[in-house]
4 protein chains.
Amino acid sequence: MTTTPMTTTPIPTPAATPPDILRCAYMDLVVTDLAASREFYVDILGLVVTEENDTEIYLRSFEEFIHHNLVLRQGPVAAVSAFAFRVRSPLDVDLAEAYYRELGCRTERRANGFVTGIGDSVRVEDPLGFPYEFFFDTEHVERLAWRYDLQGPGALVRLDHFNQVTPDVGLGRGYLEDLGFRVTEDIQDADGVTYAAWLRRKDTVHDTALTGGNGPRMHHIAFSTHEKHNIIYICDKLGALRKSDLIERGPGRHGVSNAFYLYLRDPDGHRVEIYTQDYYTGDPDNPVVTWDVHDNQRRDWWGNPVVPSWYTDASLVLDLDGTPQPVIERTQSSEMAVTVGADGFSYTRKGEEMPEYKLGHQL
Amino acid sequence: MTTTPMTTTPIPTPAATPPDILRCAYMDLVVTDLAASREFYVDILGLVVTEENDTEIYLRSFEEFIHHNLVLRQGPVAAVSAFAFRVRSPLDVDLAEAYYRELGCRTERRANGFVTGIGDSVRVEDPLGFPYEFFFDTEHVERLAWRYDLQGPGALVRLDHFNQVTPDVGLGRGYLEDLGFRVTEDIQDADGVTYAAWLRRKDTVHDTALTGGNGPRMHHIAFSTHEKHNIIYICDKLGALRKSDLIERGPGRHGVSNAFYLYLRDPDGHRVEIYTQDYYTGDPDNPVVTWDVHDNQRRDWWGNPVVPSWYTDASLVLDLDGTPQPVIERTQSSEMAVTVGADGFSYTRKGEEMPEYKLGHQL
Amino acid sequence: MTTTPMTTTPIPTPAATPPDILRCAYMDLVVTDLAASREFYVDILGLVVTEENDTEIYLRSFEEFIHHNLVLRQGPVAAVSAFAFRVRSPLDVDLAEAYYRELGCRTERRANGFVTGIGDSVRVEDPLGFPYEFFFDTEHVERLAWRYDLQGPGALVRLDHFNQVTPDVGLGRGYLEDLGFRVTEDIQDADGVTYAAWLRRKDTVHDTALTGGNGPRMHHIAFSTHEKHNIIYICDKLGALRKSDLIERGPGRHGVSNAFYLYLRDPDGHRVEIYTQDYYTGDPDNPVVTWDVHDNQRRDWWGNPVVPSWYTDASLVLDLDGTPQPVIERTQSSEMAVTVGADGFSYTRKGEEMPEYKLGHQL
Amino acid sequence: MTTTPMTTTPIPTPAATPPDILRCAYMDLVVTDLAASREFYVDILGLVVTEENDTEIYLRSFEEFIHHNLVLRQGPVAAVSAFAFRVRSPLDVDLAEAYYRELGCRTERRANGFVTGIGDSVRVEDPLGFPYEFFFDTEHVERLAWRYDLQGPGALVRLDHFNQVTPDVGLGRGYLEDLGFRVTEDIQDADGVTYAAWLRRKDTVHDTALTGGNGPRMHHIAFSTHEKHNIIYICDKLGALRKSDLIERGPGRHGVSNAFYLYLRDPDGHRVEIYTQDYYTGDPDNPVVTWDVHDNQRRDWWGNPVVPSWYTDASLVLDLDGTPQPVIERTQSSEMAVTVGADGFSYTRKGEEMPEYKLGHQL
């Protein structure tokens, strides 16, 4: 089993050329009740079904033209089988395979892909213990951007990003930067502890983020809407369906990324973010934004509290045999502990006390 | 001093004809730091200054044509001097005076009004201990509905309603129904205890509401925007100004009224709601909606928690001499106690447990 | 047959008390292809079906609690059978009957109503030749305001108003003011010719409007959405359905009413407006806004042109026997003639020429 | 003087490596009345002033971190001095210089840049006669994405694209593809005539587009807002300022790009588009969308007409001496001629007639 995350020694930088990653492309997700998950992702969230069978559902967002952005797969344990990234060319799949082999990671190559609609791919158990997939080859499907007749009031138009929980964010960040990701924002404290980092390939704030905590685990997968009212509608609909308890946190405005957000929990507890309106990050000298972990506006620009479960809960990830990866404890200080409630401290204006009604939120 | 609220015997129905009330029109509000209040209501919220002097600021919303919707008055104690209602004709001011005299309430009539821009008015200490004003005569000012060049992204276009805290909601409701208000919605429990009631004259869900608690106190004053994004902008602006701690609760969707809302606290702690999109209530047989106090979607349709301060904090109200009215304790059960946290119980689906992350919100 | 509209002598003011009208409530509309109309009003616009049979469909908006706001009735000639107004009490139906009898108008009273879901009603052929109905009694149905699960991206939440074409607006305005309507806005020229007037009972800009032209005819029926994006969505959906040719005019911002609007044409050519965000008009001294017919921002605040068909086309109205009323020609000057294209003149800033690209719109 | 545009022989593909272009970055625009232009771009549109002097104003959008997106420069003739693109590294400026030299184009290199805030740059007279600039070096300024206190209701958050008029779109498209641009959408007819093409470097529908017509001329520069209501507000504000005649076309929904749009004319007649919500195009196999020139929804998804001036008017461009480039006539068929009015033909559903009120738009 991988104990890499326990070490604090940096992950070596391979001599091999990293693959040219385009973007996060899809997540392969194991759910324990496919019918219940279908109700959540299709009936409630309105993702588009590309195809489905008794054990799998392939879903995409309305502006997508590749086969899918999410695979729901019936299985015994709720977990993530793969975080899949699309690369620029078939050759980049070879590069990915060689890159991870040099890192000493287990890899598996399949010329016909691991899932329907995807061709030649490689899956790896990465140094942080996450199952990553890299592919170029995919079946094109209709881009439904113009199909307003099919789009509901909360239409999800793109897959935006993944979010991964890992014990040592600094370690993971170095590894992902070597792989070609660029950091756009992070959260640190005065002692230089990093609590989270956002990393991108496409021109948005992130394709994936690292959240400090016990891991490897999946924190969330995020889909985009066009406007804020689309996200508000999803909340209103959940209320109408008497399922508002699926709302874990938000809606709100992030400090980090400046995006408008909502966090939901699916029937297995997998976390889904609905997200809109971050900013262009495509220039190589795009300014990195570092937030103080004690800044009460870093995770919610309005200073609304982060519910404890958002810090503590996350989904298991699987190795290439489909076995859950062991969860390694974070030894560095915890963002929840240093910010929430009586133990913690956070400020709106550095050095000033919070009013009672804000503390009231956090007791 | 009035001890009427302590009795549980109904307030008698006068033989006199009640005045024909059009709508809630303005609040006369005492603030302890006029400059700080001006920054909040003018610089941050963008209300329109009709006129001002060293001790008073007269403010209105963008679609208003009467002189003002809010008076900020420098004073020693933060409190409400008057909840002012506009009546249909000058004669209705006479009717109001006679009506309250028959109720044995103290009244004061001023032919030239109590404040600038308002003519012949009567102020009363009502049976619940609140200072009510009734007037018809007012100076017309420019309706700035078309002045988009002056309207900011969070433009407040109308005064929507008042909200009053009183110990016995059932008692107050009967009195206001006699006065000509109609109940549109309320919150009750299985034992018939009423926790809150919404009452209207104009064709919206309310001109004022009664919230059960220690009173007489003012719970909030509410202004409307056109759309939800206008309210979201106000939060974003407060974040940019590093004043997000002025956000007490929300934004969210109310169950009661179905409106989108936000609660702020001004520099004196006076509560201001920003509100949009309730429904038409103008028919005499408009259906009354009664909510179960344990329904977790009644106050927030998304099931987000009500912060304790929202239940406990409110502003003092003044008698006609400008002395704060004594606050009488609510003896009936408290909505906060029966719903929030370990003592309380609330549900999304009747009879079902809440998930941990929702309870997490409420510990 | 009524030739009243031809006279220029005012319609006499009855001694009888007019009924207390609450609001425009529903339109009884004859369509020539019920299936095609159902596709337009139900499948495309998403109005709620209260009930239907082989020859009639009863539709309502999402916030409505009375039985319907629109009746689609299969018939030989596309026309309006009734403009129905709800009154405050059963007694007001008697008042309406007496009022129109005194005016010498033909009336018909039906204790069980003219349509399903409506009780005791009177229909009249009014002095302008329009079929008006007055009723109080109606079946209550579920108000779907909270049913976001049923509301699409272009949800129509209320019936807002009617719009009637009549040759002599001044004449019609006097009659409706006697009936208890109040004018909120109008369009005139320097010679005092009135081109259109907006009249209200509920607290909005209008329950009906009079548009100068050959009449009696029905110009349009208008439904409200909550926000502007809901209206934009309807356009986007029509594009996706390859039915954008149903868009006659807009979307845009009205000068008159300050509302955001869109005009569609149904399969029979009946005009439907989608409308949102006018202002409160409930005070008796609500300021009347008069617009210059040459002001290019009066009908579209952005100065976009009014398509000629919007001025010329309208629907027939029926007498109480179901026979189309003869259409009387407007003898006063035509708004289209005095404003559009080479014959006409309009300005953005009084006295200044329009730029070529604006004239380009109007050739 | 360059007569290159007159030839129909393809522009040769250089052996030199093209520069790695990141995105369109700024336009250097000559205006004849700097004060009038400042009112338009700063007071009305709310672009951020980075710095200014008596003859130049440097403006940027709210999410920009490079020095500027637009330079307004006082000059004798309204024209474009440069379409400036940012490249990935300093080395790419050398590559650009070599690339155009090989093409036989006139180039000028300035180590300290042509404008304030930009370092080492090369400007060229490209084969189509346009002044292109390439630079990497720029001064960083504050990204105002989080400064909601400064952002108005119509906040422009990004520079999105340029649009250029050229006689032979096919010729220009081949040249820009060699330079590294990728086509995302185009408009053609059955005979294979190309009327317009959209080309991108960043992950949006375009960084620049080619519109068939007499050229070289600048058709427009486009800035993005976050949401559609921001664009609607700009129209509302222009109405309030009695400047609605600056609105040339829209607002509307594009077929091409699927974006929501508005076209304005500045005091010199330079065209500015306000634009929001196109789709991700970053994959190398992003599907190209080809529209039929007769499809009435291609330029406006709602089938609203394109005003003739939008086809005919455009701004001059300057050579490196500041002299206007001669305008070469388009010899291929004109989109306006084949689609608008009596001469032209367009359809909503292929083969079907348009209704009168749509034709009414186009007479």
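Rules behind the numbers
- Residues numbered from 1 in each chain as written.
- Chains lettered and ligands numbered in written order.
- Predicted model: local features only at pLDDT ≥ 70, side-chain atom pairs only at ≥ 80, totals over all residues.
- Heavy atoms only, no water.
- Core = buried A, V, L, I, M, F, W, Y, C linked by side-chain atoms within 4.5 Å.
- Buried < 20%, exposed > 50% of the residue type's maximum accessible area, 1.4 Å probe, protein only.
- Contact = heavy atoms within 4.5 Å.
- Least-squares fit on C-alpha atoms with pLDDT ≥ 70 in both.
- Axes fitted to C-alpha atoms, helices over the stretch in contact; angles between N-to-C directions.
- Helix = DSSP H or I, 4+ residues; strand = E, 2+ residues; numbered from the N terminus.
- Parallel < 35°, antiparallel > 145°, perpendicular 65-115°, else oblique.
- Phe/Tyr/Trp six-rings, centres within 6.5 Å; stacked < 30°, edge-to-face > 60°.
- Buried area = accessible area lost by both parts, 1.4 Å probe.
- Salt bridge = Lys/Arg side-chain N within 4 Å of Asp/Glu carboxyl O.
- Polar contact = N/O pair within 3.5 Å; in protein donor to acceptor, adjacent residues only side chain to side chain.
- Expected span 1.5 Å × (residues − 1).
- Arc of directions from axis to C-beta.
- Pairing = 2+ DSSP bridges.
- Nonpolar A, V, L, I, M, F, W, Y, C, P; charged D, E, K, R; others polar.
- pLDDT = per-residue confidence, 0-100.

A.B. asks: Would you explain the nonpolar core in this entry?
C.D. replies: One recurring pattern in soluble globular proteins is that nonpolar side chains are buried together. Among the nonpolar cores identified, the biggest contains 170 residues, and Tyr132 and Phe134 of chain A together with Tyr132 and Phe134 of chain B are the most heavily contacted of them. Beyond its immediate stretch of four places on either side in the chain, Tyr132 of chain B contacts Phe83, Phe85, Tyr100, Val122, Arg123, Val124, Asp126, Gln164, Tyr175, Leu176, Leu179 and Thr208 of chain B. In terms of nonpolar packing, the next biggest core, distinct from the first, is built from 168 residues, Ala145 of chain B, Leu103 of chain C together with Phe130 and Tyr195 of chain D among them.

A.B. asks: Looking at this model, I keep getting lost on the relation of the copies chain C and chain D. Mind explaining?
C.D. replies: Each of the two chain copies can be brought onto the other by rotation about an axis and movement along it. Once chain C is rotated about the relating axis by 180° and shifted along it by 0.0 Å, it coincides with chain D to within an RMSD of 0.0 Å. Such a turn and shift between the copies fits a two-fold axis.

A.B. asks: Help me understand the packing of helix H4 (residues 228-240) of chain A against helix H4 (residues 228-240) of chain B, please; the structure alone is not making it clear to me.
C.D. replies: In a pair of packed helices, the angle between the axes and the distance between the axes together describe the arrangement. Between H4 of chain A and H4 of chain B, the least distance of the axes is 10 Å, while the angle of their chain directions is 100°. Between H4 of chain A and H4 of chain B, the interaxial angle falls into the category roughly perpendicular. Note on element contacts: H4 of chain B touches H4 of chain A through Lys228, His229 and Ile232 of chain B, opposite Lys228, His229 and Ile232 of chain A.

A.B. asks: Would you mind going over the packing of aromatic side chains with me for this structure?
C.D. replies: Centre distance and the angle of the planes are the two values used to describe a pair of aromatic rings. In the structure shown here, the tally under the stated rule is 84 aromatic pairs over all chains. Ring geometry for Phe85 of chain A versus Phe162 of chain A: centroids 5.5 Å apart, planes at 80°, classification edge-to-face. Residue Phe85 of chain A is found in strand S5 (residues 79-87), and its partner Phe162 of chain A is found in strand S9 (residues 158-166); the two are separated by 77 residues along the sequence. Here Phe85 of chain A falls in the buried class, since its relative accessible area comes to 0%. A ring pair is formed by Phe83 of chain D and Tyr132 of chain D, whose centres lie 6.1 Å apart and whose planes are at 50°; its orientation type is tilted.

A.B. asks: Looking at this model, I keep getting lost on the interface of chain C and chain D. Mind explaining?
C.D. replies: Frequently, the measure chosen for interface size is the accessible area removed from exposure when the parts meet. Taken together, the contact between chain C and chain D spans 40 residues of the former and 40 residues of the latter. Taking both partners together, chain C and chain D bury about 3400 Å²; carbon and sulfur atoms supply 50% of that area. Our enumeration of links across chain C and chain D arrives at six salt bridges. The salt bridge partner of Arg242 of chain D is Asp295 of chain C, with a shortest N-O separation of 2.7 Å. Linking chain C to chain D there are 20 residue pairs in polar contact (both at pLDDT 80 or more). Listed by contribution, the elements that provide at least two residues to the side of chain C that touches chain D are helix H4 (228-240), strand S14 (247-253), strand S15 (260-265), helix H5 (308-312) and helix H7 (356-362) of chain C. The leading source of residues in the side of chain C that touches chain D is H4 of chain C, at eight residues.

A.B. asks: Could you clarify how one ought to interpret the pattern of salt bridges in this entry?
C.D. replies: Should their charged atoms come close, side chains of opposite charge can pair. Residue and element names in this part refer to chain A. Inspection of every chain in the model, using the stated rule, returns 148 salt bridges over all chains. We note a salt bridge from Arg123 to Asp28, for which the minimum N-O separation is 2.9 Å. Residue Arg123 is located in strand S7 (residues 121-125), and its partner Asp28 is located in strand S1 (residues 21-31); the two are separated by 95 residues in the primary sequence. The two residues Arg123 and Asp28 agree in class, both being buried.

A.B. asks: Help me out: how do you make sense of helix H2 (residues 90-102) of chain A in this one?
C.D. replies: One full turn of an α-helix is made of 3.6 residues, so residues set three or four places apart face in the same direction. Residues and elements named next belong to chain A. When the terminal C-alpha atoms of H2 are compared, their 19 Å separation across 13 residues agrees well with the 18 Å that a helix rising 1.5 Å per residue should span. Regarding H2, the residues found buried are Asp92, Val93, Ala96, Glu97, Tyr99 and Tyr100. Looking down the long axis of H2, one finds its buried residues gathered within 165° of arc, a one-sided arrangement. The exposed set on the far side of H2, more than 90 degrees from its buried face, consists of Pro90, Leu91 and Arg101. Along its buried surface, H2 packs onto S5, strand S6 (107-110), S7, strand S8 (131-135) and helix H3 (169-178).

A.B. asks: Help me understand the pairing of strand S7 (residues 121-125) of chain D in this model?
C.D. replies: Along a regular strand, successive side chains alternate from one face of the sheet to the other. Residue and element names in this part refer to chain D. Of all five residues that make up S7, five are buried, and the element is covered over most of its length. Of the two faces of S7, the one carrying Ser121, Arg123 and Glu125 and the one carrying Val122 and Val124 are both buried. For strand S6 (residues 107-110) and S7, the ladder comprises four bridges, and the chain directions are antiparallel. The partner of Thr107 across the bridge, within S7, is Val124.

A.B. asks: Hey, could you run me through the interface of chain B and chain A in this one?
C.D. replies: With 40 residues of chain B at the interface, the matching set in chain A holds 40 residues. Summed over the shared surface of chain B and chain A, the result is six salt bridges. When the shortest N-O distance is used, the salt bridge between Arg253 of chain B and Asp236 of chain A registers 2.8 Å. Scanning the region where chain B abuts chain A turns up 20 residue pairs in polar contact (both at pLDDT 80 or more). Those elements that provide at least two residues to the side of chain B that touches chain A are H4, strand S14 (247-253), strand S15 (260-265), helix H5 (308-312) and helix H7 (356-362) of chain B. Taken together, the residues that form the side of chain B that touches chain A break down as 16 nonpolar, 11 polar and 13 charged.

A.B. asks: Help me understand the relation of the copies chain B and chain A, please; the structure alone is not making it clear to me.
C.D. replies: Here chain B sits on chain A after a turn of 180° about the axis and a move of 0.0 Å along it, with an RMSD of 0.0 Å. Counting the interface residues of chain B, we find that 100% of their copies in chain A are interface residues as well, pointing to one common contact surface.

A.B. asks: Explain the environment of His229 of chain C here, please?
C.D. replies: Here His229 of chain C is to be found in helix H4. For the pair His229 of chain C and Arg73 of chain C, spaced 156 residues apart in the sequence, the C-alpha separation amounts to 31 Å. Ignoring anything within four residues of it in the chain, the contact list for His229 of chain C reads Glu227 and His229 of chain A together with Lys228 of chain D. Of the polar contacts made by the side chain of His229 of chain C, one reaches the side chain of Glu227 of chain C; its length is 2.7 Å.

A.B. asks: Would you take a moment to explain the environment of Arg143 of chain D for this structure?
C.D. replies: Relative to the elements of secondary structure, Arg143 of chain D occurs in the loop between strand S8 (131-135) and strand S9 (158-166). Separated by 76 residues in the primary sequence, Arg143 of chain D and His67 of chain D have C-alpha atoms spaced 10.0 Å apart. Beyond its immediate chain neighbours, meaning those up to four positions away, Arg143 of chain D contacts Tyr279, Tyr280, Asn286 and Pro287 of chain A together with Phe62, Glu63, Glu64 and Phe65 of chain D. Within polar-contact distance, the side chain of Arg143 of chain D engages the side chain of Asn286 of chain A at 2.9 Å.

A.B. asks: How should the environment of Asp300 of chain A be read in this particular structure?
C.D. replies: All names here are of chain A. Here Asp300 lies in the loop between strand S17 (289-292) and helix H5 (308-312). Separated by 54 residues in sequence, Asp300 and Met354 have C-alpha atoms that sit 15 Å apart. With residues near it in sequence (within four places) discarded, Asp300 still touches Arg249, Gly252, Arg253, Gly255 and Tyr261. A polar contact of 2.9 Å, which involves the side chain of Asp300, links it to the backbone nitrogen of Asn304.

A.B. asks: Got a minute to help me understand the confidence of the model for chain A in this structure?
C.D. replies: Close inspection of predicted coordinates is inappropriate in any region flagged by low pLDDT. Residue and element names in this part refer to chain A. Confidence along chain A averages 95 in pLDDT terms, with 95% of residues attaining 70 or more. Looking over chain A, one finds the lowest element-wise mean pLDDT in helix H7 (residues 356-362), namely 55, and the highest in S8, namely 99. Reported confidence for the predicted complex is 0.96 by ipTM and 0.97 by pTM.

A.B. asks: Can you walk me through the side chain of Asp283 of chain C in this structure?
C.D. replies: Inspection of the secondary structure assignment puts Asp283 of chain C in the loop between strand S16 (271-276) and strand S17 (289-292). A polar contact is formed between the side chain of Asp283 of chain C and the side chain of Arg86 of chain B, at a distance of 2.8 Å. Dropping the residues within four chain positions of it, Asp283 of chain C is found in contact with Leu22, Arg23, Phe65, Ile66 and Arg86 of chain B together with Arg200 of chain C.

A.B. asks: What am I meant to see in the side chain of Ser121 of chain A here?
C.D. replies: Looking at where Ser121 of chain A falls in the secondary structure, it is placed in strand S7. For Ser121 of chain A, the side chain forms a polar contact with the main-chain oxygen of Gly119 of chain A, separated by 2.4 Å.

A.B. asks: Just checking my understanding: could you explain helix H3 (residues 169-178) of chain C for this structure?
C.D. replies: Residue and element names in this part refer to chain C. Taken together, the buried positions of H3 are Val169, Leu171, Gly172, Arg173, Tyr175 and Leu176. Those residues of H3 that are buried lie in contact with helix H2 (90-102), strand S8 (131-135), strand S9 (158-166), strand S10 (182-188), strand S11 (194-200) and strand S12 (208-212). Where H3 begins, the capping side chain belongs to Asp168, and its oxygen is found 3.1 Å from the backbone nitrogen of Gly170. Immediately beyond the C-terminal end of H3, within one or two residues, lies Gly180, with a positive phi of roughly 115°.

A.B. asks: How do you make sense of unusual backbone geometry when you look at a structure like this?
C.D. replies: The phi angle of most residues is negative, glycine excepted, and most peptide bonds adopt the trans form. The residue after Gly215 of chain D, namely Pro216 of chain D, is reached through a cis peptide bond having omega 10°. Among the structural elements, Pro216 of chain D can be located in the loop between strand S12 (208-212) and strand S13 (217-224). The residue Asn258 of chain B is not glycine, and still its phi comes out positive at about 65°. Counting through the fold element by element, Asn258 of chain B comes out in the loop between S14 and S15. On the accessibility criterion, Asn258 of chain B (1% relative accessible area) is buried. In this model, Arg242 of chain C sits at a positive phi of 60°, which is unusual for a non-glycine residue. The residue Arg242 of chain C is located in the loop between H4 and S14 in this model. On the basis of relative accessibility, which here comes to 23%, the residue Arg242 of chain C falls in the partly exposed class.

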